[in-house]
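# Topology and contacts: notes
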Amino acid sequence: MNFGKLKMYVGGKLIDSISKSKKTIFCPANNQPIANLSWAEKIDSENALKAARTGFKNWSKLKLDQRKKWMDKFKEAVINNEELLRKAIIYEMGKTYEGSKEDIDSLINSLDFYPDAMKNHFSDSIIEDKENTHNHTLKNYPIGVVVAYLAWNFPLLNLAFKIGPALASGCSIIIKPSEESPVSAYLIGKILNDINFPAGVVNIICGEPEIVATTLSKSKIPRLITMIGSTATAKKVYADSSTSIKRLSMELGGNAPFIVFDDADLDAAIDLAIGIKFGNSGQICVAANRFFIHDKIYDTFLKYYLERVKKLKLGFGEDSSPDMGPLITVKSRDRILDLISDSIKNGAKLEYGGKIPENFSDGNWLEPTVITHVNQDMRIFNEEIFGPVASIIKFSNDDEVLKLANSTDYGLASYIFTNNKQRIDFFSENLNFGEVQVNGIKYAIYLPHGGIKESGIGHDCSYLALYDYLTKKRISVAL
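Report follows, based on the coordinates. The structure displayed is predicted, hence computed values, not measured ones. (Residues numbered from 1 in each chain as written. Predicted model: local features only at pLDDT ≥ 70, side-chain atom pairs only at ≥ 80, totals over all residues. Heavy atoms only, no water.)

### A closer look at the sheet that holds strand E4 (residues 22–26)
Formally: Two strands form a pair only when DSSP identifies at least two bridges running between them. To qualify as a helix, a DSSP run of H or I must reach at least 4 residues; to qualify as a strand, a run of E must reach at least 2; elements of each kind are numbered from the N terminus.
Strand order in the open sheet formed by three strands is E1-E5-E4, with mixed pairing between adjacent strands. Single-partner strands in this sheet number two, and they are strand E1 (5–6) and E4.

This is the structure in structure tokens:
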């Protein structure tokens, strides 16, 4: 499928790059071209900043119910274009058809959730002092122009996490999708253009990061830079943004532990261990990387886990209802193959997979992979895998596994399975991760999503995300 020529969306218009730069986007499943995009240069980035500054002046003056009407109109347009957007996600990411639904649902839910969250959690409060001599009003104001950098793994889910709170709070936003998967974001620009969304409020451009992102980050116009991406990219954004005092919000990498104790519901744990590892081909920031299994159930877990992994079907789109698609790039696949090779060279055992599947010579495919005998000195234990590789590690007691689980610079998601109430309380308190999920896995727009340590600052999702987009002003009037 080919989506043709797509333009940037800046200042309420679909436009080409001033330099006429173009970029061809390829499908990772077969390396066939799927779209030809207008590609931003430095001057296009500067124009987007100016447009967003103008858009903010107008959008921030609207009442919340007026902003909500526009967000509802946007939401309806997304619903009406769902199939087109899902196809874009499938072809730019190599997702399964079922896997593309989460992106669309997240965008719809975000546009629904944040106007209500703004209304319910950020109404102005009035405080009077004891002497009743002053009237104090605490008001919330939108912070200003927002720049959002998106990761490629969930093109519209990541967009949803930024655009919802920005629009509801009264901010304007410049969205820079990943250069690996920008097609669906450009189509969102076309949708906004079709419904005559207020000019400059949302701007969507993409180009080479060292040009576009550097220009946006170094500008003094943005008041908030928010991103979903790697820790290495975040450090670059930090450095570039220091030209002025900006607020930063970042959801970064992860190295999630998945701990299964001997008293856990083994069937439930195995089922979720498949989904959280091989969903989206393991290209998820909250994907479990290190599976810690109690020695009393280790052999049983490994036996049934391998049986499930071997049944996973490769494919993308609506092709025979596949379970797992390709990786985003050949470079990404080669990095993961190198991690597997390094671990085996240092004593790990390859239980299944670990190579390019024979019937998938075109595209960026890799077999679902399981390795054992992994230890904490190996790169695969310490680095974010971001691919379909599960490391299965045996443990014998609580203190041992807590130390192993916390032995990482990352701190995003963690998962534990046990029916022992005392153990649940202990691990919930002592796992050094922004999220601890017990006996199940749940993500939703109304639940806070954020990490600690090298995994980021601030939150996506829930009303907590709005704190990044709002500033407070105290007004005191002498009576």
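This is not the end of the story, as more comes after the structure.
### Side note on the packing of aromatic side chains
The condition that has to hold: We call Phe, Tyr and Trp rings a pair once their centres come within 6.5 Å, taking the six-membered ring for Trp, and we label the pair stacked below 30 degrees between planes, edge-to-face above 60, and tilted otherwise. Summary of the burial criterion: residues with accessible area below 20% of their type's maximum are buried, those above 50% are exposed, and those between are partly exposed, where the area comes from a 1.4 Å probe applied to protein chains only. Whether a charge sits over a ring comes down to the Lys NZ or Arg CZ being within 6 Å of the ring centre and within 35 degrees of the ring normal.
For the structure on display, the rule yields 19 aromatic pairs. Ring centres 5.5 Å apart and planes at 85° place the aromatic pair Phe261 and Phe395 in the edge-to-face group. Of this pair, Phe261 sits in the loop between strand E13 (256–260) and helix H9 (266–278) while Phe395 is found in strand E17 (residues 389–395), placing the two residues 134 residues apart along the sequence. Note on Phe261: relative accessible area 0%, which makes it buried. Every member of this aromatic cluster is reached through a ring pair, and the members are Phe258, Phe278, Phe291, Phe301, Tyr305, Tyr415 and Phe417. The ring of Tyr97 carries the charged tip of Arg86 above its face, separated from the ring centre by 3.8 Å. The lysine or arginine in question, Lys394, covers the ring of Tyr298, its NZ or CZ lying 4.8 Å from the ring centre.

### Quick look at helix H10 (residues 298–310)
Quick reminder of the rule: In this scheme, a helix's expected span is set at 1.5 Å multiplied by one less than its residue total. As used here, the arc belongs to the directions running from the helix axis to the C-beta atoms. The contact criterion used throughout is that any non-hydrogen atoms of two residues lie within 4.5 Å.
Taking 1.5 Å of rise per residue, the 13 residues of H10 would be expected to cover 18 Å, and the 18 Å separating its terminal C-alpha atoms lies within 8% of that figure. Within H10, burial applies to Tyr298, Phe301, Leu302, Tyr305, Leu306 and Val309. In a view along the axis of H10, the buried residues occupy a sector of 125°, so they form one face of it. If you follow the buried residues of H10, they end up packed against E13, H9, strand E14 (288–294), strand E15 (349–352), strand E16 (369–372) and E17.

### Quick word on unusual backbone geometry
Notably, Phe386 is not glycine yet its phi reads approximately 55°, a positive angle. Position of Phe386 among the secondary structure elements: in the loop between helix H12 (379–382) and E17. Despite not being glycine, Asn439 has its phi angle at roughly 60°, a positive value. Summarising the element assignment, Asn439 is placed in the loop between strand E19 (435–438) and strand E20 (456–457). On the basis of relative accessibility, which here comes to 34%, the residue Asn439 falls in the partly exposed class.

### Quick notes on the sheet that holds strand E18 (residues 413–417)
Defined as follows: Axis lines are fitted to C-alpha atoms, over the contacting stretch for helices. Their N-to-C directions set the angle, which ranges from 0 to 180 degrees.
Spatially, E15-E16-E17-E14-E13-E18-E19 is the arrangement adopted by the seven strands of the open sheet, whose pairing is mixed. In this open sheet, the two strands that pair with only one neighbour each are E15 and E19. Looking at each pair of strands side by side, their axes are set apart by 25° on average, direction ignored. Relative to E16, E15 is paired through three bridges, and the arrangement is antiparallel. Within E16, the position partnered with Tyr352 by the bridge is Val370. Packed onto the sheet, helix H13 (residues 398–406) meets E13, E14 and E17 and runs at close to 175° relative to E14.

### Concerning the environment of Ser428
In plain terms, the rule: Throughout this description, a polar contact denotes any pair of N or O atoms lying within 3.5 Å of each other; where both atoms belong to protein, one of them has to be capable of donating a hydrogen while the other can accept it, and for residues adjacent in sequence the pair is counted only when both atoms sit in side chains.
Residue position: Ser428 is located in helix H14 (residues 421–430). Its relative accessible area of 34% is what places Ser428 among the partly exposed residues. Spatially, the C-alpha atoms of Ser428 and Met71 are 37 Å apart, while their sequence positions differ by 357 residues. Engagement of the side chain of Ser428 in a polar contact is seen with the backbone oxygen of Ile424, the distance being 2.7 Å.

### Quick word on the side chain of Glu367
Of note, Glu367 is situated in the loop between E15 and E16. Residue Glu367 is classed as buried on the basis of its relative accessible area, which comes to 13%. Beyond its immediate sequence surroundings of up to four residues, Glu367 is in contact with Met324, Gly353, Gly354, Lys355, Pro357 and Pro388.

### Notes on a positive patch on the surface
Note the threshold: Like-charged residues are merged into a patch within 9 Å and nonpolar side chains (Val, Leu, Ile, Met, Phe, Trp, Tyr) within 5 Å, provided each residue has over 30% relative accessible area and no salt bridge. In short, Shrake-Rupley with a 1.4 Å probe defines the accessible areas, and a residue's cover is counted only from the protein chains shown. Any carboxyl oxygen of Asp or Glu that lies within 4 Å of a side-chain nitrogen of Lys or Arg is treated as forming a salt bridge with it. In this tally Asp and Glu are treated as negative and Lys and Arg as positive; neither His nor the chain ends contributes. Here the site of a charge means atom NZ of a Lys, CZ of an Arg, CG of an Asp or CD of a Glu.
Residues Lys50, Arg53, Lys57 and Lys61 make up a contiguous surface patch of positive charge. On the secondary structure map, Lys61 appears in the loop between helix H1 (42–59) and helix H2 (64–80). By relative accessible area, which is 68% here, Lys61 ends up exposed.

Interpretation in functional terms is not warranted from these geometric data alone.
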